[in-house]
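Analysis of the macromolecular model
If you want the building blocks of each chain, they are given just below.
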Amino acid sequence: MSSGEELLRSKGLRVTRPRLAVLDVLAGGGHLEVDEITRRVRQRLDSVSTQAVYDVLGALSRAGLSRRIEPAGSPARYEARVGDNHHHVVCRGCGEIADVDCATGSAPCLDPHTAHGFEVDEAEVTFWGLCPACQARRSADD
C-alpha cells in the first residue's frame, strides 16, 4: 500500500486515482494554483476534469491533508504542509510564496486576546516584500 493510500484511508477518504495523483503533485512541494495542479495531474492520468481537481482539493483540505491559502490579490493556492501553523511570505514583484515558521516558535498567534467565542485552530499571517530575484532586478534598474 502506498503512503498516499494510507493517508487517505487514515482520514476516512476513499482511495481514488485523482486523489492519489493530487496528493503526489502536492507532495512535490510549493504553493500551487489549481490550474498548475490540474496540468500536473493530467500528466499522470489519462484525463481528469478541472472540477474533479477542485473536488479533490476540497476533500483533502477538509480532511487536513492539504492547506488552501489565498494571499490578497492572488488566486487560491494549495500546499501539502499542514498541521504546524506556519505562515507565508509573498513577493510583491513576482508573486513567489515561501513558508515562514511561526515567528516565535510556540504559535502564540493561536491565543488571541479576544476570540469572540470562536475556538481558534489556525492563524494566517502573511508577510509581504520583495524576493531576492526582484530585489536584484530593482537594483539593476536603478
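In this report, we go over the structure that sits alongside the text. (Residues numbered from 1 in each chain as written. Predicted model: local features only at pLDDT ≥ 70, side-chain atom pairs only at ≥ 80, totals over all residues. Heavy atoms only, no water.)

**Description of the layout of surface pockets**
Here the idea is plain: a probe the size of a water molecule rolls over the atoms and shows the empty space left. Within this model, the largest pocket holds a volume of roughly 300 Å³. Considering the residues around the largest pocket, the lining is formed by 14 residues, among which Ser66, Arg67, Val82, Gly83 and Glu122 are closest to the centre. Here the lining of the largest pocket is built from residues that sort into 3 nonpolar, 6 polar and 5 charged. By volume, the second largest pocket is sized at about 170 Å³. No other element matches the 5 residues that helix H2 (residues 17-27) contributes to the lining of the second largest pocket. Residue composition of the lining of the second largest pocket, grouped by class: 8 nonpolar, 4 polar and 1 charged. (1 Å grid on protein atoms, 1.4 Å probe; cavity = no way out; pocket = protein on both sides within 12 Å on 5 of 7 lines; lining within 4 Å. Points joined across faces, edges and corners; volume = space filled by probe spheres on them. Nonpolar A, V, L, I, M, F, W, Y, C, P; charged D, E, K, R; others polar. Helix = DSSP H or I, 4+ residues; strand = E, 2+ residues; numbered from the N terminus.)

**Structural notes on H2**
Taken residue by residue, H2 has Arg19, Ala21, Val22, Leu23, Val25 and Leu26 as its buried positions. Summarising the contacts, the buried residues of H2 are in contact with helix H1 (3-10), strand S1 (32-33), helix H3 (34-44), helix H4 (50-62) and strand S3 (77-79). Two or three places before Arg19, at the opening of H2, Thr16 has a side-chain oxygen 3.2 Å from that residue's backbone nitrogen. Trailing H2 by a residue or two, Gly29 shows a phi angle of about 95 degrees, which is positive. (Buried < 20%, exposed > 50% of the residue type's maximum accessible area, 1.4 Å probe, protein only. Contact = heavy atoms within 4.5 Å. Polar contact = N/O pair within 3.5 Å; in protein donor to acceptor, adjacent residues only side chain to side chain.)

In short, shape yes, function no, at least from these values alone.
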